[in-house]
Amino acid sequence: MLSSYQESIAIFLGVNVLMAFSVYVPTSAGLISLGQAGFMAIGAYASAYLTSRFTAFDVPFGLALFLGGAAAGIVGVLVAAPAVRIRGIYLIIATLGFGEIVRVLFVNFEPLGGASGLSGIQPLTTLSWVVAICLFFFVFLWRLRSTPLGRAFVAIHEDETAAEAMGINLFRTKLMAFGGGAFIAGIAGGLYAHFALFIDPSQFGFSKSAEAFLFVILGGSVNPLGPVAGAIVVTLLPEFLRFLQDWRMSFFAVLLIACAVWRPGGLISYRRAAHP
Amino acid sequence: MTALLELRSVTQRFGGFTALDDVSCSIEAGSISSLIGPNGAGKTTLFNVISGLVMPSAGSLGFNGTDYTGRRPDEIVRLGIARNFQQVRLFPALSVIENVMVGAHLRLPRTGLLDFMGGPFNADRVDRLARSIATEMLDLVEFKSAGDTHPQQLTLVDQRRIEIARALASDPRLLLLDEPAAGMNPSESNQLGAIIRKIRDLGRTVLLVEHNMRLVMAISDHVSVLSAGKVIATGTPSSVQADPAVIAAYLGNV
Amino acid sequence: MVLLQQIINGVMLGSTYALVAIGYSLIFGVLRLLHFAHGEVFMVGAFIALCSVWFLNAGPVLAVVCAAVGCAVLGVVIEFVAFRPVRRRSGGMLAPIVSSLGVGLLLQEVATNIFGADQTRFPPQFEATVYHFGSLFVTSTQLFILATSFGLMLLVHLFISKTKYGLAMRAVAENVDVAGLLGINSNAVVVLTFAVASALGGIAGVLVGFAFSAISPFMGISMTIKGLVVMLIGGLGNVYGAMIGGLVLGIAEVLTVGYLASSYRDAFSFALLILVLLVRPQGLFAGGLRAGH
Ligand SMILES: Nc1ncnc2c1ncn2[C@@H]1O[C@H](COP(=O)(O)OP(=O)(O)OP(=O)(O)O)[C@@H](O)[C@H]1O
Ligand SMILES: [Mg+2]
């Protein structure tokens, strides 16, 4: 059996894997998001509210998680509707701004604790929940690649004009990619909240979004193995680097730079054949 | 015979430059029509207008009796107009067969929200359908290599074949082909001519842009000539070939 | 009058945003890349100034000069370590984001390990003189900040519109290949761009240190985000847009704090960002690295 320390690392890893998936889905359709922590926050607050503050009904954990994900997904679609017309650098900055807006809104929203956060959340997240949900999404995303929607994502990623000229509705497909990613981030947030037992807006700041983005860029976005690899490396590396003490992040930073230089496509990437 | 595609006074300006100047023409259903003209005449631009990639500055587009000016490219594919690209635009991350399967996209069960949820667990059936359409289209264009190779590993001629198959996979009534024979040797272009005839015999209408005159003259029912954004001649291959204005346009260029 | 007083405070805050955003715009204009460690350069500038005050007994002017020189060197190092190798392998638009995020983490941890994670006091640099203009008052610190930042903006303007180096920068921004044909060494221009941008960012850090008398290793992150937002509001790569965008944001923030609540301060910049993206995605002042029209 795992020690409780190992178990909490494993849960943490699972949440990170889900965050990585939440970046992977829009990325696979060419939409880069640096604001996924905003969706995570929405899922975390919504589900925590349902399980610990919403006393009219006894909301089962699974339902609370789902509703948290759905809330994030709906916001994702609403945000994406204008955002998917934006491209490249603009989209990156816009999503970054979105994440910060969500954070600021929670800081100012007193019914959910405002800046001082929401405490007393029930400890409902178990390793089995986390493993089951991660496995579900892994299989789902793995198979998604051989569905029309999954191929449409790739087509848009590769060449928007050609995709459109093949009958793919860019707007709707991008909306689904963005909403789907937001949904997964919401679920991750729900699991996180019921594991941390205390949430406040500062936990969902830019560094969280940047971290999730790095999982995917480090791991690669060709298939769901990339985000898993990225999340594992980034989450567990600090554990193996304890001997570096205060310089752990510096080691990680150097690793990031090295990856950007030598494996810009991520650890798991295409073998691009040379042009004939 | 009725007009399947009808362009009325289409004008396309890019800044101060007029790429298409008051172009009107109609394409008969079930025909093979060709559009020829010197480099820079505006042929590709006309394809971009017809397939909705650019919105004409003026004029209107009719397909099968309805005005479709201003529709999005994906809606236009749904109407039944598919195309290839002069500069091949396959999706490098997808295998050959997957590229063609993308073309079959709109013939499959809709990719709605429910499909997002149920799709991956219902994938095999949809996948089999898409795969069989794709295989059929690859056979039709006489693509001989393995379907799971990636397009970049193939010759340009093969890539053009795949693009035609991808366009056909959407089951279009009108197929727009932009210089499909570019880079082909005479035997390959003969083979392409036969394929285009076969496509027409399956009930589709073909509009061909091509510099290979031998191919154009051999398979076209009608030929239109575009020069500097204007249609300067229309008719049967032989009448166009004899038209002094056409000869002048080409001599000025070649 | 209170309003006018607030606006003066806003201009002061905004001028530091403007300096950071100008750096972003210069780098984006020339390279078309985002520099996610630029906020950390700003933070390092503040700490270099602090060290110069501690160890060299520097006055405000010397502190600014030390920060500018130190950050210019740092910026050039960042270009060589994190941008040039990535560019050479053409890792697209994302790889430089990853490497610059890495640089940001590194600088943050170095600063934390040296100065501690808490806020460090920045000793006051000026006599607490207050100048009265009718019912308005301006402290000597504020005057120094305003004079420095507007002086620098004027210098930036003269630099890019009048000097041959500025011209070379604009040429590379327009088209790297053509610039190469004209005999401009584009790598040298990029190095120069990083030096100038980072010096401006570092100076902004010092000015913020003067203004708030406290600095921290974590003050870079929010500046990275705000600098990006200001650049986008002003129009990607537009230096003048960055100046105006920075001032607008500073004034708006101060007014939000004054008339709404301080916790809404950051909301404003992002609301403005979203508005600009929706209404005028090319930014308020579209266009590349241009001299005034
Ligand atoms: N998006 C655009 N913006 C500006 N000018 C354009 C654009 N697209 C095409 N043009 C111009 O329109 C003219 C016609 O181009 P087009 O590609 O349609 O010619 P074409 O007849 O297909 O030539 P070719 O036989 O060489 O393929 C050219 O001068 C081209 O530069
Ligand atoms: Mg053409």
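Definitions and cut-offs
Residues numbered from 1 in each chain as written. Chains lettered and ligands numbered in written order. Predicted model: local features only at pLDDT ≥ 70, side-chain atom pairs only at ≥ 80, totals over all residues. Heavy atoms only, no water. Core = buried A, V, L, I, M, F, W, Y, C linked by side-chain atoms within 4.5 Å. Buried < 20%, exposed > 50% of the residue type's maximum accessible area, 1.4 Å probe, protein only. Helix = DSSP H or I, 4+ residues; strand = E, 2+ residues; numbered from the N terminus. Contact = heavy atoms within 4.5 Å. Buried area = accessible area lost by both parts, 1.4 Å probe. Salt bridge = Lys/Arg side-chain N within 4 Å of Asp/Glu carboxyl O. Polar contact = N/O pair within 3.5 Å; in protein donor to acceptor, adjacent residues only side chain to side chain. Nonpolar A, V, L, I, M, F, W, Y, C, P; charged D, E, K, R; others polar. Pairing = 2+ DSSP bridges. Phe/Tyr/Trp six-rings, centres within 6.5 Å; stacked < 30°, edge-to-face > 60°. Lys NZ or Arg CZ within 6 Å of the ring centre and 35° of its normal. Domains from an automatic or database assignment.

Glancing now at the nonpolar core. If you look at the biggest cluster of nonpolar residues, it comprises 184 residues, and the most contacted ones within it are A:Leu18, A:Ile199, A:Phe213 and C:Phe36. It is helix α1 (residues 2-31) of chain C that provides the largest number of residues to this core, a total of 15 residues. Counting 38 residues, the second largest nonpolar core, distinct from the first, contains B:Met137, B:Leu154, B:Val157 and B:Leu208.

The subject of this paragraph is helix α6 (residues 148-158) of chain A. Residues lying three or four places apart along an α-helix face the same way, a consequence of the helix completing one turn every 3.6 residues. For α6(A), a buried count of eight out of eleven residues is recorded, marking the element as mostly surrounded by other parts of the structure. The set of residues buried in α6(A) consists of A:Pro148, A:Leu149, A:Gly150, A:Arg151, A:Ala152, A:Phe153, A:Ala155 and A:Ile156.

A few words now on the interface of chain C and chain A. With 42 residues of chain C in contact, the opposing surface of chain A contributes 36 residues. Both faces combined, the contact of chain C with chain A buries some 3500 Å², and carbon together with sulfur accounts for 82% of it. If you look at where chain C meets chain A, you find zero salt bridges. At the boundary of chain C with chain A, the tally comes to one residue pair in polar contact (both at pLDDT 80 or more). Of all the secondary structure elements, the ones that give two or more residues to the side of chain C that touches chain A are α3 (60-88), α4 (94-115), α9 (219-234) and α11 (265-279) of chain C. Looking at the side of chain C that touches chain A element by element, the count peaks at 13 residues for α4(C). Residues of the side of chain C that touches chain A, tallied by class, amount to 32 nonpolar, six polar and four charged.

Residue and element names in this part refer to chain A. Along the chain, the position of His194 falls in helix α8 (residues 170-196). Since its relative accessible area comes to 1%, His194 is described here as buried. His194 has contacts with Ser47, Ala48, Thr51, Phe61, Ile121, Gln122, Pro123, Leu124 and Thr125, leaving out every residue within four places of it along the chain.

Residue and element names in this part refer to chain B. Here strand β1 (residues 3-14) pairs with strand β2 (residues 17-28) via eight bridges, running antiparallel. Paired with Leu7 across the bridge in β2 is Cys25. Here β1 folds back onto β2 in antiparallel fashion, the turn holding two residues, of which Gly15 has a positive phi close to 60 degrees.

Another aspect to go through is the packing of aromatic side chains. In the structure shown here, the tally under the stated rule is 20 aromatic pairs over all chains. Ring geometry for B:Phe63 and B:Tyr68: centres 6.5 Å apart, planes at 85 degrees, overall edge-to-face. For B:Tyr68, a relative accessible area of 1% corresponds to the buried category. Through a chain of ring-to-ring contacts, three or more aromatic side chains come together here, namely A:Phe66, A:Phe136, A:Phe137, A:Phe140 and A:Phe183. Against the face of A:Tyr192 rests A:Lys208, its NZ or CZ located 5.2 Å from the ring centre. In this structure, B:Arg89 is placed above the aromatic ring of B:Phe85, and the distance from its NZ or CZ to the ring centre is 5.2 Å.

Attention now goes to the domain arrangement of chain B. All names here are of chain B. Its domain assignment divides chain B into domain 1 (1-73) and domain 2 (80-201). Each partner contributes to the interface: domain 1 provides 15 residues, whereas domain 2 provides 14 residues. Between domain 1 and domain 2, a total of about 1200 Å² is buried, with carbon and sulfur atoms accounting for 69% of that surface. For the domain 1 face of the interface with domain 2, the top three residues by lost area are Ile32, Phe47 and Phe63, together amounting to 43%. Counting the contacts that link domain 1 with domain 2 gives zero salt bridges. Put simply, domain 1 and domain 2 have five residue pairs in polar contact (both at pLDDT 80 or more) between them. Considering each element in turn, the side of domain 1 that touches domain 2 owes the most residues, five residues, to helix α1 (residues 43-50). Along the lines of polarity and charge, the residues of the side of domain 1 that touches domain 2 split into eight nonpolar, six polar and one charged.

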